[in-house]
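Spelled out, the chains give:
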Amino acid sequence: MAVLPAEPTAGDLDAAYVLRGAQIVACDAARRLAVETLLAERAMQDAQYGLKRQPD
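Our subject in this report is the structure included herewith. (Residues numbered from 1 in each chain as written. Predicted model: local features only at pLDDT ≥ 70, side-chain atom pairs only at ≥ 80, totals over all residues. Heavy atoms only, no water.)

### With respect to the pattern of salt bridges
The condition that has to hold: Criterion for a salt bridge: a side-chain nitrogen of Lys or Arg within 4 Å of a carboxyl oxygen of Asp or Glu. Numbering of helices and strands runs from the N terminus, with a helix taken as a DSSP run of H or I at least four residues long and a strand as a DSSP run of E at least two residues long. Categorising residues by exposure relies on relative accessible area from a 1.4 Å probe, with only protein chains included: less than 20% of the type maximum marks a residue as buried, more than 50% marks it as exposed, and the intermediate range marks it as partly exposed.
Per the stated rule, a full pass over the model turns up two salt bridges. Among the ionic pairs, D28 bridges to R32, the shortest N-O distance being 2.5 Å. Taken together, the residues D28 and R32, both in helix 1 (residues 10-49) and four residues apart, mark about one turn of the helix. In this structure R32 comes out as partly exposed when scored by relative accessible area, which is 45%.

### With respect to a nonpolar patch on the surface
The test is simple: Patch membership is restricted to residues that have no salt bridge and whose relative accessible area is over 30%. Joining uses 9 Å for like charges and 5 Å for the nonpolar side chains Val, Leu, Ile, Met, Phe, Trp and Tyr. Using a 1.4 Å probe, the Shrake-Rupley method yields the accessible areas, and only the shown protein chains count as cover for residues.
Together, L4, L13 and Y17 make up a nonpolar patch on the protein surface, roughly 300 Å² of accessible area in all. Tracing the chain through its elements places L4 in the segment before helix 1. Note on L4: relative accessible area 34%, which makes it partly exposed.

Below, the structure written as structure tokens:
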């Protein structure tokens, strides 16, 4: 998490906004990858057992 120094300058604020934006993008990408992985695992299990899962 981006943290500002005790007496931030305008440059510190700009850098923190950029860093926080990058952190949000990375978190969202990791979440999407986790969801895709879960869905792929479920599809493999269903295929292994010959099941057809109803969409959520």
